[in-house]
Amino acid sequence: MDMHSFINFFLLPGIVQGSIYALGAIGITLVFAIMRYGHFAHGDLATFGAFIALAFTTVLGLSPYAALPLAVLATGVFAVALDRLFYAHLRAMPKIITTIASFGVALMLRSFVQVVWGVNTTSYTRGITRPENWFGIRVKSHEIVTLLVAIALVVALHLFLTRNKWGKAMRAMSDNPELALFSGVDNGKVIALTWIIAGGLCAASGFFLGLNTELKSLMGWNILLPTFAAAILGGVGRIEGAIVGGLIVGIAEELSVLVIPGEYKVMSAFGILLLVLLFRPTGLFRGKVL
Amino acid sequence: MDFGSFRAVDGCSFSVAKGSITGLVGPNGAGKTTVFNMIAGALRPSGGRIAYRGEDITALAPDRRFHKGAVRTFQIPHEFHHLSVIENLMVVAPAQPGETLLSNWFSRARVRKAEAETSRRAWEALEFLELTHVAHQRAGQISGGQKKLLELGRTIMTDAELVLLDEPAAGVNRTLLRKLEEKIEYLNRERGYTFILIEHDMEMIERLCEPVICMAEGKVLIEGSFQTVRSDPRVLEAYLGERQGAAT
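As the structure is a prediction and not an experimental result, all values here were calculated from the model.

Engineer: Mind showing me how you'd approach the overall build of chain B here?
Structural biologist: What chain B contains, in helices and strands, is 11 helices and 10 strands. A globule of 248 residues ought to have a C-alpha radius of gyration of about 18 Å, and chain B, at 20 Å, matches this closely. Scored against the burial criterion, the 248 residues of chain B give a buried share of 50%. Within chain B, counting contacts between residues at least 6 apart in sequence, those at least 24 apart form 67% of the total.

In structure tokens:
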């Protein structure tokens, strides 16, 4: 296999898929860093966000890219509502209860999507997108947009966490919630903000998954495991870890088809997850806090 | 204050004079920490009210009480253990212009000036607390006694008015304890901080506190000078149990 084939068929699709996992993994990592539980409705929240974007394109007649920021905002607000409805009253209980509750929320979200949009596959745009050819590197426009938007969202989040009062409050709460509360941090606001960001990133992740493949009610559920693998590989609670983890899992999945049938490529995420939990359970970046 | 059917604090009423160092003593289970948690806002009382500077703060969230100048420390010291000691102090200084994205980009000179000022104050606090040698160490790695001093440093950075100290002597060696006492006295005398102090170390209470409030079974037993409280037979009973004669 020559270099161009490797880049076109394995590396580039892996990076694009990895960026999608990274967006989801950042949300999982944020929720864990602030609230200390694994949120298993994250995949189905991504599906919900992707279909909300579809609704904006069909109802308002917007282009998919114009629908994205609206879907990000709507899913962020929806995630806050989910928290208030289902998770807020479980806050003082053992975290495993909230984790189990998130499975229930996942089922509800999936059923909602299936009732409203059906179980058949659909897409944002019709027809075939021809890839651009740059010196032998064949890349589609939506792949470039996926990468650029993912980078922009990660940079914006980094600036927010490091240069903004509420970002600092999130980091403080992640480090020591009790001390943060008694140092003037409004924990309720920080939790709402976490859900807005995690929900918004989730919608972006679902949107780009739909844009690069197709939209279906199980799409989010299918990427839940690789997304969790990405978060755990990077170190749960670490933003930079989620990005690196997402890219590694995405590229490993694409490369795995060299040795196993393509239908089983998600197995590589299982494999990575297993290896990390066995040999470095804190992840590459030793996660725990933001 | 009720926990299910158990009433931890019952009809407890006292006031704290501005500029005083008030000691809160009593046997284990007397309700001292519960009272503390209610004043700090960690627990919402089932009945009654808490007033601070004449304002009813019973329903106020802990973060809002902090912004009003009421700051607490913890029996087991808390710190942002992934930040350095100096960062732990700088992070609690309120209303820093560098905390907003816009100021960071458009008012860089103002941000730099404010940050330099916060840094100067943090170093001053470290010098005062004699912690400059651990300034760049991760706060999670310093000793328990140094963490107690760091907690005091947080109150200095916020210009607190009321400081709630929860067993500052617990787990601190005698040398460091004397230093801690000196700092508390200085902050009270020179900066006018009001302290409420829960402590089992009676020597520390005697040296620092006036008045002393003794609690037992969720109620205020007696309030007065250390000598008055110490010589009251009810206090002895509360600590040692009922006298043999009275019990039979």
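Engineer: Before we go on, may I ask you to explain the overall build of chain A in this structure?
Structural biologist: Helix and strand counts for chain A come out as 11 helices and 2 strands. Starting at the N terminus and walking to the C terminus, you meet the elements of chain A as α-α-α-α-β-β-α-α-α-α-α-α-α. Relative to the compact-globule value of 19 Å for 290 residues, chain A shows a C-alpha radius of gyration of 19 Å, a close match. Its C-alpha atoms put chain A at 60 × 45 × 35 Å along the principal axes. The 290 residues of chain A split such that 51% are buried. Contacts in chain A between residues at least 24 apart in sequence constitute 76% of all its contacts with a sequence separation of at least 6. Placing the 20 positive and 13 negative side-chain charges of chain A at their respective mean positions leaves the two points 7 Å apart.

Engineer: Whenever I open this one, a nonpolar patch on the surface confuses me. Can you help?
Structural biologist: All names here are of chain A. Where nonpolar side chains cluster on the molecular surface, the patch consists of Met93, Ile96, Ile97, Ile100, Phe103, Leu218 and Trp221 and spans about 620 Å² of accessible area. For the nonpolar patch, the leading source of residues is helix α4 (residues 95-117), giving 4 residues. Within the secondary structure, Met93 is located in the loop between α3 (64-87) and α4.

Engineer: Sorry if this is basic, but what is going on with the sheet that holds strand β6 (residues 70-72) of chain B here?
Structural biologist: Picture the strands of a sheet paired through backbone hydrogen bonds; they go either parallel or antiparallel. Residues and elements named next belong to chain B. Read across the open sheet, the 6 strands follow the order β6-β7-β8-β3-β9-β10; overall the sheet is mixed. The two strands at the open ends of the sheet, each matched to only one other strand, are β6 and β10 (219-224). Between one strand and the next, the sheet's axes are offset by a mean angle of 20°, whatever the strand orientation. The pairing of strand β3 (residues 21-25) with strand β8 (residues 194-198) spans 4 bridges and is classified as parallel. Within the sheet, the bridge partner assigned to Gly23 lies in β8 and is Leu197. Lying on the sheet, helix α7 (residues 174-191) is in contact with β3, β7 (162-166) and β8; it crosses β8 at an angle near 150°. Each of β3, β9 (212-216) and β10 is contacted by helix α10 (residues 233-240), which is oriented at about 135° to β10, the strand it contacts most.

Engineer: Any chance you could explain α7 of chain B here in plain terms?
Structural biologist: Helical geometry: 3.6 residues make up each α-helical turn, so side chains three or four residues apart lie on a common side. Residue and element names in this part refer to chain B. Relative to the 26 Å expected for 18 residues at 1.5 Å per residue, α7 spans 25 Å between its end C-alpha atoms, a close match to the ideal helical length. Residues of α7 that are buried: Leu176, Leu177, Lys179, Leu180, Glu181, Lys183, Ile184, Leu187 and Asn188. In the core, the buried residues of α7 are packed alongside β3, α5 (108-129), α6 (144-157), β7, β8 and α8 (202-208). Here α7 starts with a cap whose side-chain oxygen sits 3.2 Å from the backbone nitrogen of Thr175, and that cap is Asn173. Following α7 by one or two positions, Gly192 adopts a phi angle in the positive range, close to 75°.

Engineer: Explain the pattern of salt bridges to me, please; I cannot follow it from the model alone.
Structural biologist: When their charged atoms lie close together, side chains carrying opposite charge are able to pair. Applying the stated criterion across every chain, the model contains 22 salt bridges over all chains. Across the pair Arg110 of chain A and Asp44 of chain A runs a salt bridge, and its minimum N-O distance is 2.9 Å. Of this pair, Arg110 of chain A sits in helix α4 while Asp44 of chain A sits in helix α2 (residues 42-59), and the two are 66 residues apart along the sequence. Assessed through its relative accessible area of 1%, Asp44 of chain A is described here as buried. In this structure, Asp83 of chain A and Arg91 of chain A form a salt bridge, with 2.8 Å as the shortest nitrogen-oxygen distance. Salt bridges linked by common partners bring Arg174, Arg178, Glu181, Asp201, Glu203 and Arg207 of chain B together as one network.

Engineer: I'm lost on the interface of chain B and chain A in this one. Help?
Structural biologist: How big an interface is tends to be stated in terms of accessible area lost as the parts join. With 24 residues of chain B in contact, the opposing surface of chain A contributes 19 residues. Seen at the junction of chain B and chain A, the total is 0 salt bridges. Applying the counting rule to chain B against chain A returns 5 residue pairs in polar contact (both at pLDDT 80 or more). Every element with two or more residues in the side of chain B that touches chain A is listed here: α2 (62-67), α3 (85-92) and α4 (101-106) of chain B. For the side of chain B that touches chain A, the element with the highest residue contribution is α2 of chain B, accounting for 4 residues. Classifying every residue of the side of chain B that touches chain A by side-chain character gives 11 nonpolar, 8 polar and 5 charged.

Engineer: I'm lost on the pairing of β9 of chain B in this one. Help?
Structural biologist: Looking down a regular strand, the side chains alternate between one sheet face and the other. Residues and elements named next belong to chain B. Counting buried residues in β9 gives 5 out of 5 residues, a clear majority hidden from the surface. Residues Val212, Cys214 and Ala216 line one face of β9 and the alternating positions Ile213 and Met215 line the opposite face, and both faces are buried. In this structure, β3 lies alongside β9, joined through 3 bridges in parallel fashion. Bridge assignment links Val25 to a residue of β9, and that residue is Cys214. Bridge count for β9 against β10 is 5 bridges, and the pairing is antiparallel. Its bridge partner lying in β10, Ala216 is registered against Lys219.

Engineer: Mind showing me how you'd approach the packing of α3 of chain B against α5 of chain B here?
Structural biologist: For any two helices packed against each other, the geometry comes down to the angle between their axes and how far apart the axes lie. Residue and element names in this part refer to chain B. Two elements in contact, α3 and α5, have axes separated by 9 Å at closest approach and are oriented at 125°. Judged by the inter-axis angle, α3 sits oblique to α5. Judged by the twist between their axes, the crossing of α3 over α5 is right-handed. Taking contact as the criterion, the partners of Val85, Ile86, Leu89 and Met90 in α3 are, on α5, Glu115, Thr118, Ser119, Ala122, Trp123, Ala125 and Leu126. When grouped by side-chain class, the residues that make up the contact of α3 with α5 number 8 nonpolar, 2 polar and 1 charged.

Engineer: Whenever I open this one, the UniProt feature "transmembrane region" (unreviewed entry) in chain A confuses me. Can you help?
Structural biologist: The feature "transmembrane region" (unreviewed entry), as annotated in UniProt, sits at residues 6-33, 45-62, 96-117, 144-161, 190-212, 218-236 and 266-285 of chain A in this numbering. Taken end to end, residues 144-161 of chain A is 100% helix and 0% strand, and its two terminal C-alpha atoms sit 26 Å from one another.

Engineer: Teacher, can you tell me more about the nonpolar core here?
Structural biologist: In summary, soluble globular proteins display a tendency toward joint burial of nonpolar side chains. Counting residues in hydrophobic clusters, the biggest one holds 101 residues, and the most contacted among them are Ile26, Tyr124, Leu157, Met170, Trp195, Phe208 and Val249 of chain A. In terms of residue count, the dominant contributor to this core is helix α8 (residues 187-212) of chain A (13 residues). Setting aside chain neighbours within four positions, we find Tyr124 of chain A in contact with Ala50, Ala53, Leu54, Pro64, Phe207, Gly210, Leu211 and Leu215 of chain A. Val25, Val92, Leu176 and Cys209 of chain B belong to the second largest nonpolar core, which has 48 residues in total.

Engineer: So what exactly am I meant to see when it comes to the side chain of Thr155 of chain B here?
Structural biologist: On the secondary structure map, Thr155 of chain B appears in helix α6. If near-sequence neighbours (up to four positions away) are discounted, Thr155 of chain B is found in contact with Val71, Thr73, Ala160, Val163 and Tyr193 of chain B.

So, how was this worked out
Residues numbered from 1 in each chain as written. Chains lettered and ligands numbered in written order. Predicted model: local features only at pLDDT ≥ 70, side-chain atom pairs only at ≥ 80, totals over all residues. Heavy atoms only, no water. Helix = DSSP H or I, 4+ residues; strand = E, 2+ residues; numbered from the N terminus. Rg over C-alpha atoms; globule rule 2.2 N^0.38 Å. Buried < 20%, exposed > 50% of the residue type's maximum accessible area, 1.4 Å probe, protein only. Contact = heavy atoms within 4.5 Å. Lys, Arg positive; Asp, Glu negative; His and termini not counted. Charge placed at Lys NZ, Arg CZ, Asp CG, Glu CD. Patch = residues over 30% accessible without salt bridge, like charges linked within 9 Å, V, L, I, M, F, W, Y side chains within 5 Å. Areas by Shrake-Rupley, 256 points an atom, 1.4 Å probe, with all protein chains shown as cover. Salt bridge = Lys/Arg side-chain N within 4 Å of Asp/Glu carboxyl O. Pairing = 2+ DSSP bridges. Axes fitted to C-alpha atoms, helices over the stretch in contact; angles between N-to-C directions. Expected span 1.5 Å × (residues − 1). Polar contact = N/O pair within 3.5 Å; in protein donor to acceptor, adjacent residues only side chain to side chain. Nonpolar A, V, L, I, M, F, W, Y, C, P; charged D, E, K, R; others polar. Parallel < 35°, antiparallel > 145°, perpendicular 65-115°, else oblique. Left-handed = near helix turned anticlockwise from the far one by under 90°. UniProt positions renumbered as here; feature names shortened; annotations may be inferred. Core = buried A, V, L, I, M, F, W, Y, C linked by side-chain atoms within 4.5 Å.

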